[in-house]
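# Fold and geometry: a report
Here are the chains, one letter per residue:
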Amino acid sequence: MAGTPPVQIRDFYRRIQNSDTDALAQQPYYVDPRAFNNPVSPSPLLRLATLRNAAWQESYHAVQEAFFDFAGRCMYCANTKRHIHGMQASPVLEVVGFPGLYIYPKLLSNALVHRGLIDMLMHDQLADPATRTNLHEKYHVTYPEPSITKGEANTSFFDPAASQLKMQPRLEGSGDWTASPLTTRALLDKLRWFTVGDASADGSMPPKIRALVENILPIKAHSATAYVSSNQDPLELRQGHGDAGTFLDTSLGCDGVVVVGLEDSGERERGATSSEAHSVVDADCWRDLLVGSDSEDDEKAPDRQHVSEAGNRDDTITSTRNTPCLAAIHLRSTDALLFTGLSRRAWYGVAKVLPGSSPAFEQQWPCWPGTVERRGQDNWKGCMKGRRIDLVVG
Ligand SMILES: [Zn+2]
């Protein structure tokens, strides 16, 4: 959804972007799902999403079956018949001040699933001519020939056959007359987003990805886009679906600090009366944060205790100031954010990407550890260093 984020949310995003990561972890607005119930380093804005969590735990056997179906096998044993291992799911969490926003830590912790998903996106989807990318507007994107492996035709920009591709800049429209042709390496460097399926046709998502998402969460997967970001090219603030429906953002690759901002409004307060949206934080707390953001004077910034006390209030406090709720959520590979209800209209973006946080992905992809080198792609090892993928489905 196009538009300009409110200045307070923009300022907060920039502030997080320029923060030292260790210092950030000490801030009251920092949300670390791994710190849930950790008395040493609590995240004061983090809470158990009681109802959502109960439903999630109840249905987790079906989730594991969906993982088995996606991967085509079990990651724990050699039994080829569909089965589950009685695993415990990570609890579903919520963030104070964001009614309808849920964190599913380690949603895709099944390695066969998350590695399979990354491969499917970066190989099959990216090399599908129906896919649109940020580069199509400026380049004539050409595609590699399929290669045959074990009787199956596969296409990938990371196959040796694609190394000779040269994609010419478009000279019409907004094309740049001075641009050089793109090599595959340059394509990856300039890649910021790509559609998963044909974005212009609802229901064109690859059936396997659609089934995975719809079988694990209560969401209708109409379309999906994968965003590739790094510290040099972070995912700028964007607005979700508004009222268009629930959507999911799944983290793959490097850790990211995701900034979420929700504008205060009368609607938010009305929403706070719903059974699940019971967490509304004192608006003064957010206002103080923003005041502190422009000041070098640390005494003006609230300490943990301040926010903790405010966050623990059970009564809904009506704000008379137009102050957004703000949080910086540390998401690791396989974590996911589900935006439902009022949080669908939240602004969010990846303010920081943490290089070195996903060693296997950064150092090995496309040749995951423990697998044979994929179709002569070993010279691409390390090409995803410092990058993350946000797969947004909704
Ligand atoms: Zn098994």
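Residues numbered from 1 in each chain as written. Predicted model: local features only at pLDDT ≥ 70, side-chain atom pairs only at ≥ 80, totals over all residues.

## A short note on the overall build of the protein
- Summing up its helical and strand segments, the protein has 11 helices and 15 strands in all.
- Among the 394 residues that make up the protein, the fraction classed as buried is 42%.
- Of the contacts formed within the protein by residues at least 6 apart in sequence, a portion of 77% connects residues at least 24 apart. (Helix = DSSP H or I, 4+ residues; strand = E, 2+ residues; numbered from the N terminus. Buried ≥ 20, exposed ≤ 12 C-beta atoms within 10 Å, placed from the backbone. Contact = placed C-beta atoms within 7 Å.)

## Some words on the sheet that holds strand E1 (residues 30-31)
- The 5 strands are arranged E1-E12-E11-E14-E9 in an open sheet whose pairing can be described as mixed. Taken across any chain shown, the strands that pair with only one partner, and hence form the sheet edges, are E1 and strand E9 (235-239).
- Note: strand E11 (residues 255-262) against strand E12 (residues 325-331), 7 bridges, orientation antiparallel. In the sheet register, Val259 faces E12, and the bridge partner there is Ala328.
- The strands that helix H1 (residues 7-17) touches are E9, E11, E12 and strand E14 (347-354); relative to E14, the one it contacts most, it runs at about 10°. (Pairing = 2+ DSSP bridges. Axes fitted to C-alpha atoms, helices over the stretch in contact; angles between N-to-C directions.)

## Let's talk about the confidence of the model for the protein
- Of all residues in the protein, 80% have pLDDT values of 70 or greater, and the mean over the chain is 84.
- Confidence drops under a pLDDT of 50 for residues 265-285, and excluding neighbours within four residues, the segment shows 48 contacts in the predicted structure.
- Across residues 291-320, where pLDDT falls below 50, the model places 37 contacts with residues more than four positions away in sequence or in other chains. (pLDDT = per-residue confidence, 0-100.)

## Overview of helix H4 (residues 60-71)
- Helix length check: H4 (12 residues) gives 17 Å between terminal C-alpha atoms against 16 Å at 1.5 Å per residue, within 8%.
- What H4 keeps buried is the set Val63, Gln64, Ala66, Phe67, Phe68 and Phe70.
- Taken from the residues just after H4, Gly72 is the one with a positive phi, measuring 80°. (Expected span 1.5 Å × (residues − 1).)

## Examining the environment of Cys383
- Checked against the element boundaries, Cys383 lands in the loop between helix H11 (359-364) and strand E15 (387-393).
- Here the alpha-carbon distance between Cys383 and Gln364, two residues 19 residues apart in the chain, equals 8.7 Å.

## Here's the deal with the sheet that holds strand E4 (residues 101-104)
- The strand order across the open sheet built from 8 strands is E2-E3-E4-E13-E10-E15-E8-E7, with neighbouring strands paired in antiparallel fashion. The open sheet has two free edges, formed respectively by strand E2 (46-48) and strand E7 (193-195), since each of these has just one partner strand. Each strand axis lies, on average, 25° off the axis of its neighbour in the sheet, ignoring direction.
- With 4 bridges connecting them, strand E10 (residues 247-253) and strand E13 (residues 336-339) associate as antiparallel partners. Considered in E13, the bridge of Thr250 is made with Ala336.

## What about the nonpolar core?
- Ranked by internal contacts, the top residues of the largest apolar core, which has 84 residues, are Val260, Ala327 and Ala328.
- Take this core: its biggest share by element is 6 residues, from E12.
- For this core, the two domains that each supply at least three residues are domain 1 (7-132 + 191-393) and domain 2 (135-184).
- Apart from the residues lying within four places of it in its own chain, the contact partners of Ala328 are Ile16, Leu24, Tyr29, Tyr30, Val31, Val257, Val259 and Ala351. (Core = buried A, V, L, I, M, F, W, Y, C linked by C-beta atoms within 7 Å. Domains from an automatic or database assignment.)

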